[in-house]
Amino acid sequence: MPPVVVFVPLDAAARSVGADEVASALVHEAAVRGREIRLVRNGSRGMFWLEPLVEVTTPEGRVAYGPVDAAGVGELLDAGMLDGAPNRLWLGKTEEISHLRRQTRFTFARVGVNDPLSVADYEATGGLAGLRRALEMSPEQIVAEVTASGLRGRGGAGFPTGIKWQTVLDTPSDLKFIACNADEGDSGTFADRMLMEGDPFLLVEGMVVAGLAVGAAEGYIYVRSEYPDAITTMASAIDIAYLNGWLGPSVLGSGRAFELYLRVGAGAYICGEETAMLESLEGRRGMIRAKPPLPAIAGLFAKPTVVNNVLSIATVPPILARGAESFRGLGLGRSRGTQVFQLAGNVKHGGIFEVAFGLTLGELVEEIGGGTASGRPVRAVQVGGPLGAYLPVSRLDLPMDYESFAAVGAMIGHGGIVVFDDTVDMSLQARFAMEFCAEESCGKCTPCRLGAVRGVEVIDRIIAGVEREANLELLEDLCETMVDASLCAMGGLTPSPVRSALEHFPEDFNRAKAAPL
Amino acid sequence: MPILHEVQDVFGYIDPSAVDVLAEALNLSRADVYGVVTFYKDFRFEAPGRSVIQVCRGEACQSMGAEQLARHACERLGVDFGGTTPDGAVTLEQVFCLGNCALSPAVMVDGRLKGRVDAACFDQLVARASDEVA
């Protein structure tokens, strides 16, 4: 009998709840029972409430079990898990799990399916098709295809990727760079991490395609140091890509060169801002730069540079492989294609949900996410990271697309959605937004550097009931100054969670009795 | 920065005397190198405890009680964030987001991520970290 192929994720989140222990228990318990298994450490399927999720290959397809506990592995094996038999953790065939069936996995097609570092798996599942097609196209044709797909930057700003690439392509220079922003610092986001751990070759392929498109022969991936697993996997993937000739002086024997380097951040949230990241890549303090000039014209080492998020770059190879229309045909209004939503915080079914734009926020939180993990009512939802607005339950009918969110002063950002139940005190969340900004500001702009510190103090006075009216006015003034007079999104958007908390949850700021001075 | 990472990986911290050496080798001023070391939270001039425990205080973790966990961590270890226990066993740090937001609250112990950490689980992690290095 050939060994049974068993999948246990190597994803950092899966490991954080015991995937390694489950993997070793499987190897041990199978050996004790004289069953031969071949253990594959895959990426995560993104259903974190089911992690560690174990999949067993059967003649009918992969069958899933979860959440598996290392101590229960022996019992599961006795109950016929290696033959796909039903038991209390049996989830049926993986591909038929409704949470997965409802998704449109475009960028995340391979994450959780393959052994992330297997070249054979990658090519067998359509890997390199985008790159091979790009090698037959002119730079103008590649850029035109990306523009036609309607792909917009996945880092948060939603700028059309094709237009950015066109600018770099049109800027004459002997040297150009591709800089991939993998400094995923927003709370509530983990899609970049999962992609780098679950399908790192896709990012490598996307980087090469970007290089071919704009005439750059050198690329950097800037990963945050908080992601040690992603760093290890990405570094191995780059080594393997060099060995296989996907990178180096002649990409796939085409005679065209592309060198790719991995750089690791050092614990600075602001380095997720594109110009601060470029400074950091150049070896300096991560202080933001004034724009213009745009990085597309004068970026890394003052050369034209494509700066894109991990998911933007990773979405390009499948667009080229399957054609722009395959992506453009999905979505709503001017938000085309799919978005990798991340359900996080106090949510029952947390994880990744890749789907076309246009679903409502409520469908994501209540239906897909299953409401809160605590079982209490949802009170607030923060979309788009620490700089995104807090939305009340009455706004759950918002469709998930860039324009609908912008219309109410919120943003989709990176697609991270953090859910809070009714025990949350929104005045403390507003205070935290300022505290976070004070902690992470690069210090270049006064409104952000000092304003955030003053913001914490003013909110403290409001909470304590000291001269509430005057301090509310002061806070609004301060927010306005930060929005108008900060160079980057850190200072410019910190007021967004503060103001939205005040607007939608004023009662939380009004708890203290007016205190005597 | 790759050089600073390597220095810290090897020695556990960046000795102030290394700043002079690096400045000389890279043809930079000492202020430039010092500025970079002090800008980034990862780099430290002093040796940390034998174990480094990072508690996430991002919004997603807050929604699942990270602030209570953070207070518990400080009380349990008797140090503030950034502090090291007197016996040199554990350095406690705060961090904003470890990318484990669907399994909050998250804690990282010497680069190993842990999810759904409550006070009891935290105490276990501390006990294990202290044992391992003792």
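Note that the structure is a prediction, hence the values are computed from the model and not measured.

What about the overall build of chain A?
When helices and strands are tallied, chain A shows 22 helices and 16 strands. Its C-alpha radius of gyration of 24 Å places chain A within 12% of the 24 Å reference for a compact globule of 517 residues. Across its three principal directions, the C-alpha atoms of chain A cover 80 × 60 × 40 Å. Out of the 517 residues belonging to chain A, those deemed buried represent 57%.

Topic: the sheet that holds strand β9 (residues 305–309) of chain A
The strands that make up a sheet are held in pairs by hydrogen bonds between backbone atoms, and each pair lies either parallel or antiparallel. All names here are of chain A. The four strands lie next to each other as β8-β7-β6-β9, forming an open sheet whose pairing is parallel. Looking at the sheet topology across the chains shown, the edges are occupied by β8 (259–264) and β9. Adjacent strand axes in the sheet meet at a mean angle of 20 degrees when their direction is disregarded. Of the strand pairs in this sheet, strand β7 (residues 218–223) and β8 are connected by six bridges, and their pairing is parallel. Residue pairing for β8: Val223 is matched across the bridge by Val264.

Notes on the pairing of strand β14 (residues 378–383) of chain A
Residues and elements named next belong to chain A. The buried fraction of β14 is high, at six of six residues. Across five bridges, the pairing between β14 and strand β16 (residues 416–421) is antiparallel. Counted as the bridge partner of Gln382 is Val418 from β16. Strand direction decides the pairing type here: β14 and strand β15 (residues 390–392), joined by three bridges, are antiparallel. Note on β15: the bridge partner recorded for Gln382 is Tyr390. In sequence, β14 turns back onto β15 through a hairpin of six residues, with Gly384 there showing a positive phi of about 95 degrees.

Side note on the domain arrangement of chain B
With domains assigned, chain B is organised as domain 1 (2–39) and domain 2 (51–133). Domain 1 of chain B and domain 2 of chain B are separated by 28 Å when their C-alpha centres are compared.

Some words on the domain arrangement of chain A
Residues and elements named next belong to chain A. Its domain assignment divides chain A into domain 1 (4–98), domain 2 (119–328), domain 3 (331–421) and domain 4 (426–509). Relative placement of domain 2 and domain 4: their C-alpha centres are 34 Å apart. Listed per partner, the contact involves eight residues of domain 2 and seven residues of domain 4.

Structural notes on the sheet that holds β16(A)
Residues and elements named next belong to chain A. Read from one edge to the other, the open sheet built from five strands follows the order β13-β12-β16-β14-β15, with strand pairing classed as mixed. The two strands at the open ends of the sheet, each matched to only one other strand, are β13 (351–356) and β15. When strand polarity is set aside, the average angle formed by the axes of neighbouring strands in this sheet is 30 degrees. Against the sheet, helix α22 (residues 495–504) contacts β14 and β15, and its axis sits at roughly 20 degrees relative to β15.

Topic: the nonpolar core
Residue and element names in this part refer to chain A. Core analysis: the biggest nonpolar cluster contains 205 residues, and Ala179, Cys180, Leu195, Leu203 and Val204 have the highest contact counts within it. Ranked by the residues each element gives to this core, the list is headed by helix α10 (residues 200–214), at 11 residues. Residues contacting Ala179, with those up to four places away along its chain left out, are Tyr220, Tyr222, Met277, Leu278, Leu281, Gly299, Leu300, Thr305, Val306 and Val307.

Concerning the interface of chain B and chain A
Each partner contributes residues to the interface: chain B has 30 residues there, and chain A has 42 residues. Contributing elements (two or more residues each) for the side of chain B that touches chain A: α3 (30–39), α4 (59–62) and β4 (112–114) of chain B. Here the side of chain B that touches chain A takes three residues from α3(B), the largest share from any one element. Taken together, the residues that form the side of chain B that touches chain A break down as 16 nonpolar, nine polar and five charged.

Topic: the packing of helix α2 (residues 16–26) of chain B against α3(B)
All names here are of chain B. Interaxial distance between α2 and α3 falls to 8 Å at its minimum, and their mutual angle equals 125 degrees. The angle between the axes of α2 and α3 places the two elements in the oblique class. As α2 runs across α3, the sense of the crossing is right-handed. In this structure, α2 uses Val19, Asp20, Leu22 and Ala23 to contact α3, whose residues at the interface are Arg30, Asp32, Val33, Tyr34 and Val37.

Concerning the environment of B:Gly12
Residue and element names in this part refer to chain B. For Gly12, the position within the fold is in the loop between α1 (2–11) and α2. In sequence terms Gly12 and Arg50 are 38 residues apart; their C-alpha atoms lie 9.3 Å from each other. With residues near it in sequence (within four places) discarded, Gly12 still touches Ala47 and Pro48.

Some details on the confidence of the model for chain B
For chain B, the average pLDDT comes to 93, and 98% of its residues sit at 70 or higher. If you check the scores for this complex, the pTM reads 0.96 and the ipTM reads 0.94.

Some thoughts on the environment of B:Leu77
Residue and element names in this part refer to chain B. Among the structural elements, Leu77 can be located in helix α5 (residues 66–77). Taking the number of C-beta atoms within 10 Å as the measure of exposure, Leu77 has 20 and is therefore buried. On a C-alpha basis, the gap between Leu77 and Asp123 in space is 9.3 Å, while along the polypeptide they are 46 residues apart. Apart from the residues lying within four places of it in its own chain, the contact partners of Leu77 are Thr85, Val90, Leu92 and Val126.

Parameters at a glance
Residues numbered from 1 in each chain as written. Chains lettered and ligands numbered in written order. Predicted model: local features only at pLDDT ≥ 70, side-chain atom pairs only at ≥ 80, totals over all residues. Helix = DSSP H or I, 4+ residues; strand = E, 2+ residues; numbered from the N terminus. Rg over C-alpha atoms; globule rule 2.2 N^0.38 Å. Buried ≥ 20, exposed ≤ 12 C-beta atoms within 10 Å, placed from the backbone. Pairing = 2+ DSSP bridges. Axes fitted to C-alpha atoms, helices over the stretch in contact; angles between N-to-C directions. Domains from an automatic or database assignment. Contact = placed C-beta atoms within 7 Å. Core = buried A, V, L, I, M, F, W, Y, C linked by C-beta atoms within 7 Å. Nonpolar A, V, L, I, M, F, W, Y, C, P; charged D, E, K, R; others polar. Parallel < 35°, antiparallel > 145°, perpendicular 65-115°, else oblique. Left-handed = near helix turned anticlockwise from the far one by under 90°. pLDDT = per-residue confidence, 0-100.

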